[in-house]
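Topology and contacts: notes
Residues per chain are reported as follows:
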Amino acid sequence: MQEKRSREVPLERLRSGYLMLLVAVGFLALGILAIIGAASLERREETLAVVIVLSSLVWFGGLVLTLVGLTVVEPNQARVLILFGNYKGTIRRHGFFWVNPFTVRRKVSLRVRNFNSETIKVNDLSGNPIEIGAVVVWKVEETAQAVFDVEDFEDYVEVQTESAIRHLAARHPYDSGDGDETSLRGSADVVNEALQQELVDRLSHGGIEVIEARLSHLAYAPEIAGAMLQRQQADAIIQARRRIVDGAVGMVEDALTHLRENKIVELDEERKAQMVGNLLVVLCSDRGAQPIIPTGA
C-alpha cells in the first residue's frame, strides 16, 4: 500500500499587510472619536451614549483582529497556515502580509543547515569496533510534510542520520587488504555517495532535501587500535615484499634471457638454478650484498 504524504499548497494571492495596517489605524481613529462623542453627550442622551460605546468596542475589536492577522515573512522562511485543524497553505514569499487572524502560523526555516552527528561506536562488516561520525547538509523542501508527516523534523534528521551511519558501517569493512573491495577508509567517495543516497531515501518522508553527506570521523575503537595498527603494518610489509619479489623475478628472467640470446655464457640447469637463487637473495635482501670472489677452480 502506497504511503499517503502531505502535499504543500503555496499561497500566492495574499493581502498586503500595509493596507490592513491602514485599516487598523482607521478602526483606532473611529473608536477614539466614538468615546469622545459619548463623553460629550448629556445625561438625557444616555441611550445614544451606550450605543456609541458599544460601537467603539466593536471598532476596537476589529482593530485587535486586524493587528493579530499581520504576518512578517523573512527571506528563506515560510509560514504554514492551519485554520481550525485544516491545512490552508504555505506562505513562501517574503514580505508583510495579512492572513485570517484565527489561523495558526507555524514558522519553518527554508535555509540550508549543517548537522554534525556525534561520534558513535559500531561494528564494521568484519565485526571490528570502530568510531564513526558524519556531516549532513540539508534543508526543508516540502513544508507540509515537515510539519504534518513527522513529529519533529529536526529530531527526525538526527535519528535517521545515526541509523544510516550504523547501517553503512555494517555493510563495509573498515579497511580492505586488496584494492577491489569497497572499504570505509579506502573508498571515501563511494561510501559518501552511498550515505547520501540512503539519507535521501530516509528523509524524503519528512520533506527534507539532502544536499551533501560525508563521513567526518573514522577510526578504530581505542580497545583494538593498537592491534589494528600492527595488522596494518604487517599488511603493508607483505604488500611491499610481494612487489619486491615480483620485481626480482622479472629482473632474473630478463637477465637469463639476455645471457641466452647474446650467448655470453652457457649455463646448465644446476648452474642456472644457483644463479637464480643468488640473484633473488641479492635483490630481495634488506641489506647490501657482500660478494665472495672465488680464487680457485
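Shown above is the structure to which this text applies.
Here we summarise the structure given alongside this text. (Residues numbered from 1 in each chain as written. Predicted model: local features only at pLDDT ≥ 70, side-chain atom pairs only at ≥ 80, totals over all residues. Heavy atoms only, no water.)

1. Here's the deal with the overall build of the protein chain
- Secondary structure summary: the protein chain contains 7 helices and 10 strands in total.
- Here the analysis covers contacts within the protein chain between residues at least 6 apart in sequence; of these, 70% occur between residues at least 24 apart.
- Entry remark: accessible area of the protein chain is about 19,300 Å², with carbon and sulfur atoms responsible for 55%. (Helix = DSSP H or I, 4+ residues; strand = E, 2+ residues; numbered from the N terminus. Contact = heavy atoms within 4.5 Å. Areas by Shrake-Rupley, 256 points an atom, 1.4 Å probe, with all protein chains shown as cover.)

2. Overview of the sheet that holds strand E1 (residues 15–16)
- On the basis of which strands lie adjacent, the open sheet formed by 3 strands has the order E1-E5-E2 and antiparallel pairing. In the strand order of this sheet, the two ends are held by E1 and strand E2 (70–73), each with one partner.
- Of the strand pairs in this sheet, E2 and strand E5 (residues 95–98) are connected by 4 bridges, and their pairing is antiparallel. What sits directly across from Val72, in E5, is Phe96. (Pairing = 2+ DSSP bridges.)

3. Points about the sheet that holds strand E6 (residues 104–109)
- Ordered by their spatial adjacency, 3 strands build an open sheet running E4-E3-E6, and the pairing between neighbours is antiparallel. Among the strands making up the open sheet, the edge pair consists of strand E4 (86–91) and E6. Taken over all neighbouring pairs, the strand axes of this sheet differ in orientation by 25 degrees on average, direction set aside.
- Across 6 bridges, strand E3 (residues 77–83) lies against E6 in antiparallel orientation. By the bridge assignment for E6, Val80 is matched with Arg106. (Axes fitted to C-alpha atoms, helices over the stretch in contact; angles between N-to-C directions.)

4. Brief notes about unusual backbone geometry
- Phi angles above zero are rare outside glycine, and Asn76 is one such case at about 60 degrees.
- Among the structural elements, Asn76 can be located in the loop between E2 and E3.
- You will see that Phe84, though not glycine, has its phi angle at about 50 degrees, which is positive.
- By the element assignment, Phe84 lies in the loop between E3 and E4.

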